[in-house]
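Residues per chain are reported as follows:
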Amino acid sequence: MRRSPSIVPHGADCDTYVVLNDFGRLGRAWCEADEQGTDRTTLIRRLMEDQYSHPVRIVAFNTAEGWSRDVTVDIADELRRRFAEYDEVPRSVQEFLDIAVRR
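Residues numbered from 1 in each chain as written. Predicted model: local features only at pLDDT ≥ 70, side-chain atom pairs only at ≥ 80, totals over all residues. Heavy atoms only, no water.

(A) Looking closely at the pattern of salt bridges. A complete count under the given rule lists nine salt bridges for this structure. Between Arg-46 and Asp-34 there is a salt bridge; the shortest N-O distance is 2.9 Å. Within this pair, whereas Arg-46 is found in helix α1 (residues 40–48), its partner Asp-34 is found in the loop between β2 (28–30) and α1, the two being separated by 12 residues in sequence. Three or more residues are tied together by salt bridges with common partners; here these are Arg-40, Glu-78 and Arg-82. (Salt bridge = Lys/Arg side-chain N within 4 Å of Asp/Glu carboxyl O. Helix = DSSP H or I, 4+ residues; strand = E, 2+ residues; numbered from the N terminus.)

(B) Quick peek at the packing of helix α2 (residues 72–82) against helix α3 (residues 91–101). Look at α2 against α3: their axes get within 9 Å of each other, and the N-to-C directions meet at 130°. The angle between α2 and α3 falls in the class oblique. Crossing of α2 against α3: the hand is left-handed. Contacts between α2 and α3 involve Thr-72, Val-73, Ile-75, Ala-76, Leu-79 and Arg-80 on the former and, on the latter, Val-93, Phe-96, Leu-97, Ala-100 and Val-101. (Axes fitted to C-alpha atoms, helices over the stretch in contact; angles between N-to-C directions. Parallel < 35°, antiparallel > 145°, perpendicular 65-115°, else oblique. Left-handed = near helix turned anticlockwise from the far one by under 90°. Contact = heavy atoms within 4.5 Å.)

(C) Fine view of the environment of Phe-61. With respect to the element layout, Phe-61 can be found in strand β3 (residues 55–62). Phe-61 sits 10 residues away from Val-71 along the chain, and the two C-alpha atoms are 9.6 Å apart. Contact partners of Phe-61, with chain neighbours within four places excluded, come to Cys-14, Asp-15, Thr-16, Val-18, Trp-67 and Ser-68.

(D) Up close: empty space enclosed by the protein. Enumeration over the complete set of coordinates arrives at one cavity of 30 Å³ or more. By volume, the largest cavity is sized at about 60 Å³. Tyr-17, Val-18, Val-19, Cys-31, Glu-32, Ala-33, Gly-37, Thr-38, Asp-39, Leu-43 and Tyr-52 are the residues that line the largest cavity. Here the lining of the largest cavity takes three residues from strand β1 (residues 16–22), the largest share from any one element. Per-class residue counts for the lining of the largest cavity are seven nonpolar, two polar and two charged. (1 Å grid on protein atoms, 1.4 Å probe; cavity = no way out; pocket = protein on both sides within 12 Å on 5 of 7 lines; lining within 4 Å. Points joined across faces, edges and corners; volume = space filled by probe spheres on them. Nonpolar A, V, L, I, M, F, W, Y, C, P; charged D, E, K, R; others polar.)

(E) Inspection of the sheet that holds β1 at higher detail. With antiparallel pairing, the four strands of this open sheet are ordered in space as β2-β1-β3-β4. The sheet is open, and its two borders are formed by β2 and β4 (67–70), each paired with just one other strand. Pairs of neighbouring strands in the sheet enclose a mean axial angle of 20°, with direction left out of account. Along the sheet face, α2 touches β1, β3 and β4 and points at about 110° away from the line of β3. (Pairing = 2+ DSSP bridges.)

(F) Representation of unusual backbone geometry. Look at Asp-50: it is not a glycine, yet its phi comes out positive at around 65°. Summarising the element assignment, Asp-50 is placed in the loop between α1 and β3. For Asp-50, a relative accessible area of 42% puts it in the partly exposed group. (Buried < 20%, exposed > 50% of the residue type's maximum accessible area, 1.4 Å probe, protein only.)

Right under this line is the structure:
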């Protein structure tokens, strides 16, 4: 009998980040990401590359340690600190920072 694939990332002792994106009339959904693309560094890079149209929430979890939490404000703070590294800040990131401030 076939088993369903595990949703636990390989090398489960790592922090995994997922993004809730607002698709307007279509609603909100957690964005798909390849397994190697769910770390904090890749998340920050993808946000700054404007790969999410309207990110509204970011959650991190670690299945090996048994925790999950909303890291929206933490990621927003890190983005603000990194602005000097980028020539231009995407509009989606600017809107995300406005949302994060209201949390």
